[in-house]
Amino acid sequence: MVGQKKNKLNPNPNWALLQEKLKIDAANTRKPEKSLLGKRKERLDPEVAQNLSFNPLTPTSTDCSVTDALAMDCEMVGVGGNRSALGRVTLVNEWGNVVYDEYVRPIEHVVDYRTEISGIRHHHLKKAKTFQVAQKKVVEMLKGRILVGHALRNDLKALLLSHPKKDIRDTSGYHPFLKDGRKRALRHLAEELLGAKIQNGEHCSIEDARAAMLLYQKNKKKWEKVVKDQSRHTKKLSEGGV
């Protein structure tokens with residue numbers, strides 16, 4: 001009896017060592033979970049990073065607030081007379097995070113979902129926002145803000161909206177992005193200047209808006225200087241200066 005009690009109080013030392021070793025091994029094999037989202041200072045484990053194909057369009061922050069600049073992209077569907085109508089509208093903030101993304105039910109009957117390009121299908125529009133609701137929300141969010149995008153004339157036309165020219169940053173018309181004086185497709189700019197491949201098949205309005213925003217952010221300092229200089233020149237001319 002005495003011997004049995006002693007064994008309970010003083011277990012086999014080899015067994016205790018084994019238990020301790022198992023705990024240490026388990027602790028060493030556990031690695032903290034990494035996320036591609038978040039600030040760039042949060043580095044991935046080198047071995048993990050090597051095996052991942054980093055997407056340059058991944059947001060650099062989890063901040064989903066409505067910032068001073070918003071990028072917009074729209075997808076269209078076809079209505080009667082081979083005309084285009086708004087089918088989806090997306091807004092992302094300066095970090096690339098979505099602040100508004102809704103499918104929109106056109107006023108007119110849809111005759112072509114243009115799925116191969118728009119990515120929109122019949123079921124997407126069943127419970128979609130009405131055009132009036134989406135339009136009103138976009139107006140509220142863009143008021144007093146810089147609007148970024150590619151070929152924004154088409155998007156604004158689909159929304160039946162206008163935006164102050166001084167507050168538009170259109171990547172299709174920014175002079176340094178032109179080639180031989182001609183406008184270039186967003187997918188070409190994204191691949192060449194950002195190292196991002198987009199629009200391979202069905203388009204994604206979130207991805208396209210993020211690409212436009214990142215192009216703007218990477219060139220923001222020079223771009224805003226050009227806008228400021230043009231504004232000064234226009235003001236000078238209006239005042240009768242040379």
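Residues numbered from 1 in each chain as written. Predicted model: local features only at pLDDT ≥ 70, side-chain atom pairs only at ≥ 80, totals over all residues. Heavy atoms only, no water.

Trainee: Hey, could you go over the overall build of the protein chain for me, with residue numbers and the actual values?
Mentor: Along the backbone of the protein chain there are 10 helices and 7 strands. Looking at the 242 residues of the protein chain, the share that counts as buried comes to 35%. Intrachain contacts of the protein chain at a sequence separation of at least 6 include 57% that bridge at least 24 residues. Surface accessibility of the protein chain: about 16,300 Å² in total, with carbon and sulfur atoms responsible for 53%. (Helix = DSSP H or I, 4+ residues; strand = E, 2+ residues; numbered from the N terminus. Buried < 20%, exposed > 50% of the residue type's maximum accessible area, 1.4 Å probe, protein only. Contact = heavy atoms within 4.5 Å. Areas by Shrake-Rupley, 256 points an atom, 1.4 Å probe, with all protein chains shown as cover.)

Trainee: Any details on the side chain of histidine 124? Residues and values, ideally.
Mentor: By the element assignment, histidine 124 lies in helix 5 (residues 122-126). One polar contact links histidine 124 to histidine 123, side chain to side chain, over a distance of 3.3 Å. When sequence neighbours within four positions are dropped, the list of residues in contact with histidine 124 reads Tyr103 and Gly119. (Polar contact = N/O pair within 3.5 Å; in protein donor to acceptor, adjacent residues only side chain to side chain.)

Trainee: Run through the nonpolar core, naming residues and quoting values.
Mentor: Core analysis: the biggest nonpolar cluster contains 22 residues, and Leu57, Val148, Leu194, Ala211, Met213 and Tyr216 have the highest contact counts within it. If you list the elements that add at least two residues to this core, you get strand 1 (69-79), strand 6 (146-149), helix 8 (186-194) and helix 9 (205-218). Among the elements that line this core, the one with the most residues is helix 9, at 7 residues. Counting 20 residues, the second-largest nonpolar core is a separate cluster that includes Leu86, Phe131, Leu142 and Leu156. (Core = buried A, V, L, I, M, F, W, Y, C linked by side-chain atoms within 4.5 Å.)

Trainee: Can you explain the packing of aromatic side chains? Please cite residues and give values.
Mentor: Two aromatic rings are characterised by how far apart their centres lie and by the angle between their planes. Per the counting criterion, the structure on display carries 4 aromatic pairs. Summarising the aromatic geometry, the rings of tyrosine 174 and tryptophan 223 are spaced 4.0 Å apart at their centres and angled 10 degrees between planes, so their arrangement reads as stacked. Note that tyrosine 174 is positioned in the loop between strand 7 (168-170) and helix 8 and tryptophan 223 in helix 10 (residues 220-238), a separation of 49 residues in sequence. Classification of tyrosine 174 as buried rests on a relative accessible area of 7%. Since its relative accessible area comes to 5%, tryptophan 223 is described here as buried. Look at tyrosine 216 and tryptophan 223: their rings are 5.5 Å apart centre to centre, the planes differ by 70 degrees, and that puts the pair in the edge-to-face class. The rings of Tyr174, Phe177, Tyr216 and Trp223 are connected pair by pair, giving a single aromatic cluster. (Phe/Tyr/Trp six-rings, centres within 6.5 Å; stacked < 30°, edge-to-face > 60°.)

Trainee: Tell me about helix 7 (residues 152-159), residues and numbers included.
Mentor: Along helix 7, the positions that sit buried rather than exposed are Leu152, Asp155, Leu156, Ala158 and Leu159. Buried positions in helix 7, seen along its axis, are confined to an arc of 160 degrees and lie on one side of it. Exposed residues on helix 7 whose side chains face more than 90 degrees from its buried face are Arg153 and Lys157. Positive backbone phi, approximately 55 degrees, marks leucine 160, located one or two places after helix 7. (Arc of directions from axis to C-beta.)

Trainee: Before we move on, could you go through the side chain of threonine 171 and cite the residues and values that matter?
Mentor: Looking at the secondary structure, you find threonine 171 in the loop between strand 7 and helix 8. The class of threonine 171 is buried, set by a relative accessible area of 1%. Side chain to side chain, threonine 171 and histidine 150 meet in a polar contact 2.8 Å long. With near-sequence residues (within four places) excluded, threonine 171 lies in contact with Gly149, His150, Phe177, Leu186, Leu189, Ala212, Leu215 and Trp223.

Trainee: How would you summarise the environment of valine 104 if you had to cite specific residues and measurements?
Mentor: Relative to the assigned elements, valine 104 resides in strand 3 (residues 98-105). For the pair valine 104 and lysine 126, spaced 22 residues apart in the sequence, the C-alpha separation amounts to 9.4 Å. Apart from the residues lying within four places of it in its own chain, the contact partners of valine 104 are Leu86, Gly87, Arg88, Val89, Leu125, Ala128, Lys129, Thr130, Phe131 and Ala134.

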